[in-house]
Structures are given as structure tokens and as C-alpha cells.
Amino acid sequence: MLSLRLPQLFDIHQVPKVFREDGIMSGYRHPRSSALDCILSSFQMTNETVNIWTHFLPTWYFLWRFSMLCTSLDFLTDSYTWPLLVYMLLICLYPFTSSCAHTFSSMSAEARHICYFFDYGALSLYSLGCAITYGSYAMPDCWVNSWLHQHFVTIGVANSLFCTSMSCYSRFVELQFPHKSKILRTAAFIVPFLFDSFPLFYRLLSCCWGSCSPSEALASHSYHLLFAFLTCFLFASHLPERLAPGRFDYIGHSHQLFHVCAVVGTHFQMEAVLTDMASRKDWLMSHSSLPSFPATMGVLVLGILLNLGIIGIFSTGLPRTPRQSTLAHLHQDGAGQVRWLVIQCN
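Cut-offs used in this document
- Residues numbered from 1 in each chain as written.
- Predicted model: local features only at pLDDT ≥ 70, side-chain atom pairs only at ≥ 80, totals over all residues.
- Heavy atoms only, no water.
- Phe/Tyr/Trp six-rings, centres within 6.5 Å; stacked < 30°, edge-to-face > 60°.
- Helix = DSSP H or I, 4+ residues; strand = E, 2+ residues; numbered from the N terminus.
- Buried < 20%, exposed > 50% of the residue type's maximum accessible area, 1.4 Å probe, protein only.
- Disulfide = S-S within 2.5 Å.
- Axes fitted to C-alpha atoms, helices over the stretch in contact; angles between N-to-C directions.
- Parallel < 35°, antiparallel > 145°, perpendicular 65-115°, else oblique.
- Left-handed = near helix turned anticlockwise from the far one by under 90°.
- Contact = heavy atoms within 4.5 Å.
- Nonpolar A, V, L, I, M, F, W, Y, C, P; charged D, E, K, R; others polar.
- UniProt positions renumbered as here; feature names shortened; annotations may be inferred.
- Salt bridge = Lys/Arg side-chain N within 4 Å of Asp/Glu carboxyl O.

**Q** Would you mind going over the packing of aromatic side chains with me for this structure?
**A** Ring pairs (aromatic) are described by centroid distance and by the angle formed between their planes. All told, the structure shown has 21 aromatic pairs when counted by the stated rule. Here Tyr 94 and Tyr 126 contribute two aromatic rings whose centre-to-centre distance is 4.8 Å and whose plane-to-plane angle is 40°, an arrangement assigned as tilted. Here Tyr 126 lies in helix H4 (residues 109-138) and Tyr 94 lies in helix H3 (residues 82-104), a separation of 32 residues in the sequence. Judged by its relative accessible area of 12%, Tyr 126 is buried. Look at Phe 189 and Phe 235: their rings are 6.5 Å apart centre to centre, the planes differ by 85°, and that puts the pair in the edge-to-face class. Remark: Phe 235 occurs in helix H7 (residues 216-237) and Phe 189 occurs in helix H6 (residues 178-208); sequence separation between them is 46 residues.

**Q** Mind showing me how you'd approach the state of the cysteines here?
**A** Any covalent bond linking the sulfur atoms of two cysteines counts as a disulfide. The full count for this structure, using the stated rule, is 0 disulfides. Between Cys 100, a cysteine without a disulfide, and Cys 115, which holds the nearest cysteine sulfur, the sulfur-to-sulfur distance is 8.4 Å. Lacking any disulfide linkage, Cys 232 is separated from the closest cysteine sulfur, that of Cys 261, by 12 Å.

**Q** Would you take a moment to explain the packing of helix H2 (residues 49-72) against helix H8 (residues 254-279) for this structure?
**A** Think of two packed helices as two axes; the pair is described by the angle between the axes and how far apart they sit. At their nearest, the axes of H2 and H8 sit 8 Å apart, and the two run at 10° to each other. Viewed along their axes, H2 and H8 adopt a mutual orientation that is roughly parallel. The two elements H2 and H8 meet at a crossing, and its hand is right-handed. Contact residues: H2 offers Val 50, Asn 51, Thr 54, His 55, Pro 58, Tyr 61, Phe 62, Arg 65 and Leu 69, while H8 offers His 255, Gln 256, His 259, Val 260, Val 263, Thr 266, His 267, Met 270, Glu 271 and Leu 274. Of the residues contributing to the contact of H2 with H8, the split by class is 9 nonpolar, 8 polar and 2 charged.

**Q** Help me out: how do you make sense of the UniProt feature "transmembrane region" (unreviewed entry) in the protein in this one?
**A** Per the UniProt entry, the sites bearing "transmembrane region" (unreviewed entry) are residues 84-104, 116-139, 151-172, 184-205, 217-236 and 295-314 in this numbering. Taken end to end, residues 184-205 is 100% helix and 0% strand, and its two terminal C-alpha atoms sit 29 Å from one another.

**Q** Just checking my understanding: could you explain the pattern of salt bridges for this structure?
**A** For side chains bearing opposite charge, pairing can occur when the charged atoms are close. The full count for this structure, using the stated rule, is 6 salt bridges. Here Glu 174 makes a salt bridge to Arg 171, at a shortest N to O gap of 3.8 Å. A relative accessible area of 26% places Glu 174 in the partly exposed class. Linked by salt bridges that have partners in common, Arg 171, Glu 174 and Arg 185 make up one network.

Pasting the structure below:
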């Protein structure tokens, strides 16, 4: 291990366009990194290091919370807990997938796309988990057993497929039409978020109109929505690095802040779900049917299979570039400066 050397880093003009990020001028890894180089790079300061750890460490936090719930709840036989089981699995999955995507996205251009396809798929499954959980625990009293309540999860599945499809497609037009790509990708995540949050918006507005009394669950839901809107703003705006390119390459750029806000928002969401689940249990069990295995775990399995199918379709549509077609050379110019050249060969 002592003989291992940390990978060399490059500036924005030294890497292919597909690897470049707006406002990030340095700290790029080799565009043909090995898997070992990618892992080693997570222990040196690159423009991806904080992205990796801001989702890898929260994965363990959510796993710890999940393990604590496993000791206090009966996930095997109590069907009332099955929506929570789906939700906890997915809030552990999405940050871990994101961390892996950021770790291994510099292995090749094709690998970069596939890594983020899986990242998008995990996020869309997380939106499906929110739909399952909100449909079971967070529905306003007057919406329980309504048409929307009965079809909430079905629409959530459709939103999940839309999210994965649209976000994966956005990568195909990213180089030619970057603004269009950003709009498509942002819309892909906003649509399921807004739909999943309709019950929360209604409950919060009802309290503002005096139709209900404030509760601990609604307070946590409010914090979650606040951080969700902040997450969306950071993702779409590329602030602060857009205002000062190069100054936030390693610490403080928008994607790092986006990760932090997303995780904090998920924490408040989890607390709100747990509070709703406990405080509304008796009322929900007497006014609606218990969650079924097909409507919870069955839907999760279906969502995973369908999203994997979409990812597979988009992955096979990627242009195939043989390894020998990209030759990377370091050479030394007359002034003694080492430069990085990426030569595209026919």
C-alpha cells in the first residue's frame, strides 16, 4: 500500500468536454482512470471528493437508523410497517448509488453516463418510495379512500419511469444543447417531487387557513420541503461557482451543497414520516385498509425491474468507443511544462 501513488489531477482544458462541469476549473481526474484509481481518488482532494463523502457517510447514518427501527418494529409480519420498510431501503440506496456514481464516473465517457444512469434510477426509485410512504401515512384525512389516494402509488410508478427516462435522455443532448439538457433533467426530478408533495402542500395550507392545529410531523415536513426547494435551486443555478469560476473547485460548489441539502432534507422527511406513522396509526387503521405486500414490496420490485430496463435501453444506445480510440499522452513542451493531450483516433 505504501507504493500506491495518488492519481494525477488535471485542469478543465485538459479533459474531454463530457467530463467538464460549469464553473469548475481544476481538480479533474484522469478520464481513463482505473477502478483502483477512482477509489484512491476518494482519499485525495479532487473536485469530486466532497461529492463522494457527502453521500457515502449519510448512507451509514440511514443504515444505522434503519437498524434501530428493525429492533423496535416488526417489518416481517406487521403490514402497517411495510411502506416504511420500502422507504428506509430507498433512502439508504440513493445516497450510496450517488456516492458510487461520483467515485467511478471518471473511468471512461461511457462509464460516466452509465454511472449517472444508475444514480438517476436510484433517485426515481426514491420518489416512488415517497409516494408509497405518503400514500400510507401522510394523506390528509379528507383524501383517504379518494380516487387520488387509491391511485397515488400507480401514478408514482409512472412518475418514476418518467424521471429515469427523461433524466437519462438528457445526457444524450448535453454536449450539443446544454441548456435543454439541464431543463429536461431538472423537470425530470421536479415532476415526481411535486406530485409526491401534494398531500403535504394541502396539509400545510390547511393549517395556514386554520383548519388544523400545528403538529410535530408538519414541522418536520416543512423543514423537508424547505431543504428540497433549496436543493432544486442549487442544482439548477450552479451557484456559487458560476459567479466565481475556479474558487469553489474543491470545497463549496453547488453540487456539494446540493448533496448536503438533499441529505438534511431526507433526515427531516424521515422524522416526519415516523411521526405521522405513529401518531396517525389508530385513525388510519380504522378508516382505510392496511397496506398489502403487492402494493408495497411488490411495487418496489416492479419499479426496480422497470427502471433497470430503462437504464439498459439507454446504456445500449450509448456510442461505443474502443479503448484504443482515445489515446492519452503526457508530453513536455519547450518550456518544460507538462501538458495533457487527448487525441481522438478514427
